[in-house]
Amino acid sequence: MERKVYKNIINGEWVSSENTIEILSPLDNSYLGSIPAMTKLEIDQALDLAKIGGKKWKEVPLKEKAEMLNNAAKILEQRSEEIAMLLMHEIAKGFNAAQDEVLRTVSLIRYTVEEGLRMQGEIINGNAYEKNSNKIAMVQRVEIGTVLAISPFNYPINLTASKIIPALIAGNSVVLKPPTQGALSALEFVKVLVDSGIPAGVITSVTGRGSEVGDYLIQHPQIDFINFTGSTEVGERIGNVSGVKPLLLELGGKDPAIILPDADLKLAAKEVSKGAFGFSGQRCTAIKRVLLHEEIADEFIGYLQAEVALLTVGTPFENADITPLISVSSVEKAKRLFDDAMSKKAKALTEFKNEDNLMWPVILDFVTEDMDIAWEEPFAPILPILRLSSIEEMIRVTNDSEYGLQAAIFTKNQEHAMEIASKLDVGTVHINTRTQRGPDNFPFLGIKKSGTGVQGIRYSIESMSRIQSIVIKTK
Ligand code: NAP
Ligand code: G3H
């Protein structure tokens, strides 16, 4: 793999900083490249230019914006293998999943452009309210200004694009703060946008550790909107310090799979295994606990163990199902949760085994509500099972969580599933499939500590634009 010194794009120029951050591979700690560690002064200059860029972008006809973004989709498609390879090295994502992430993003760009072209306003007639009103309101969607996009390590291309592209088609300029681990891939995506012909200053990248530049960026007067995906801890901090800026926050989750006695247990076991262990459990939407009706517990667990035994553990290049985690500290957190559960009489169905940051999948049975793993979010391949005696208990345990991202219900009775779904305090309920964000045109949202605001192509465009009403007299 080519090792590169990466730069930031500022007003159409690739710019370095005096200080840099080395990016190492989670696979073997090998050096992959470096990114600039920007100073506050450099950030000020970049954000001033982004504001000017935004004014130019506002004047570009929507049709031309659409052509440039479609061009970006084409370039990304052409570079998909090379960028997937970088993802494999930088975040240890398996070959198929890395390819999927890039190609999923190509589709996301094309669909976002279509939705952007369909953005329409409305005319409201004042005489519908007051019979003698001679006014009409022309209501249209307009840009908000400069959007700060902050993305997480687990989808450096897709979760970066799912913020940037809707923001751009809505007419905003964008400042991207990529995840430090994942920044090389995200900056390759930024290069795709630059190569698509987007004018200087419309897309700006700002790199540096979140703990050092984060607060400065989110409070910056040149930022008009913050679109953040990442941990609840950082999301809460952004909420506290950002002042009155509008926010879109997609945060952590503790999604349950609720398995009822009448479920197709083999199907449920397959979906739970994929949902819990895909990308080694490092997904906000991963199934992070199973709420299992005790009547069918042993039978379901038998099927689940058979599915988990099929998972391969190894490197992204072998396309293993379980690959090294982003850091050793992720394994340590999983071990803390495992030890706490074991000390309170959980039963491990697979042993806890790791080699540095490569961790084998773990299933914990007989988890109870006094154990931390019943409530906390690991970002690792460890799955707790709570055996419960009634659907009322399953609903209560779902809703007692501080999170409210998604839930999955497994039952053959659709009507019953609908009734249960209406009682769950989560953004999305899946019936007989695992929890997941896609398809990307669906609304994606968390409630409680899982976030605020709605993403998902059209919803993202709406979130990152505002209504403007122009009132005229008709006679
Ligand atoms: P993270 O540590 O919160 O980091 C996310 C982003 O925030 C990174 O770009 C990070 O930069 C930046 N950041 C860190 N401190 C900041 C600060 N004080 N101000 C502003 N930005 C700051 O999360 P992660 O480890 O990348 O991702 C895992 C977490 O994200 C999990 O909790 C997961 O559930 C959640 N997640 C949620 C969704 C969703 O859609 N609901 C999707 C993906 C992930 P640095 O990398 O430089 O620190
Ligand atoms: O990590 C959070 C992502 O939004 C999950 O997306 O369900 O497509 O894996 P996904």
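Preceding this paragraph is the structure being described.
About the criteria used
Residues numbered from 1 in each chain as written. Chains lettered and ligands numbered in written order. Predicted model: local features only at pLDDT ≥ 70, side-chain atom pairs only at ≥ 80, totals over all residues. Heavy atoms only, no water. Buried < 20%, exposed > 50% of the residue type's maximum accessible area, 1.4 Å probe, protein only. Helix = DSSP H or I, 4+ residues; strand = E, 2+ residues; numbered from the N terminus. Pairing = 2+ DSSP bridges. Contact = heavy atoms within 4.5 Å. Axes fitted to C-alpha atoms, helices over the stretch in contact; angles between N-to-C directions. 1 Å grid on protein atoms, 1.4 Å probe; cavity = no way out; pocket = protein on both sides within 12 Å on 5 of 7 lines; lining within 4 Å. Points joined across faces, edges and corners; volume = space filled by probe spheres on them. Nonpolar A, V, L, I, M, F, W, Y, C, P; charged D, E, K, R; others polar.

Caption draft 1: Structural context of the pairing of strand 4 (residues 20-24). Only one face of strand 4 is covered, namely the face carrying Ile 21 and Ile 23; the face carrying Thr 20, Glu 22 and Leu 24 is uncovered. In this sheet, strand 5 (residues 31-36) lies alongside strand 4 in antiparallel orientation, the contact comprising 5 bridges. Paired with Ile 21 across the strands is Ile 35, a residue of strand 5. Hairpin connection between strand 4 and strand 5: a loop of 6 residues separates the two successive antiparallel strands, and Asn 29 in this loop has a positive phi of roughly 60°.

Caption draft 2: Here's a closer look at the sheet that holds strand 1 (residues 4-5). Read from one edge to the other, the open sheet built from 3 strands follows the order 1-5-4, with strand pairing classed as mixed. At either margin of the open sheet sits one strand with a lone partner, and together these are strand 1 and strand 4. Both strand 1 and strand 5 contribute to a ladder of 2 bridges, which runs parallel. Paired with Lys 4 across the strands is Gly 33, a residue of strand 5. Of the strands in this sheet, strand 1, strand 4 and strand 5 touch helix 6 (residues 183-195), which is tilted by about 65° from strand 5.

Caption draft 3: Seen up close, the environment of Ala 128. Along the chain, Ala 128 turns up in the loop between strand 6 (122-125) and strand 7 (135-143). Note: C-alpha distance between Ala 128 and Pro 61 (67 residues apart in sequence) is 33 Å.

Caption draft 4: Representation of the layout of surface pockets within the structure. By volume, the largest pocket is sized at about 1300 Å³. Together, 45 residues line the largest pocket, and Phe 153, Phe 228, Gly 230, Ser 231 and Val 234 are the ones closest to its centre. Those elements giving two or more residues to the lining of the largest pocket turn out to be helix 7 (210-218), strand 11 (225-229), helix 8 (232-241) and helix 11 (328-343). When residues of the lining of the largest pocket are assigned to their parent elements, the largest contribution, 6 residues, is made by helix 7. Looking at the lining of the largest pocket, its residues break down into 18 nonpolar, 17 polar and 10 charged. Looking at the second largest pocket, its volume works out to about 900 Å³. Around the second largest pocket sit 31 residues that line it, and Ala 97, Gly 278, Phe 279, Arg 283 and Arg 434 are the ones nearest its centre. Examining the composition of the lining of the second largest pocket, we find that 5 residues originate from one element, helix 4 (residues 95-117), more than from any other. A per-class count over the lining of the second largest pocket returns 10 nonpolar, 10 polar and 11 charged.

Caption draft 5: Spotlight on unusual backbone geometry. The omega torsion of the bond from Gly 438 to Pro 439 falls at -10°, within 30 degrees of zero and hence cis. Mapped onto the elements, Pro 439 comes out in the loop between strand 22 (428-431) and strand 23 (447-448). Despite not being glycine, Ser 280 shows a phi value in the positive range, around 55°. Within the secondary structure, Ser 280 sits in the loop between helix 9 (265-277) and strand 14 (287-293). Note on Ser 280: relative accessible area 0%, which makes it buried.

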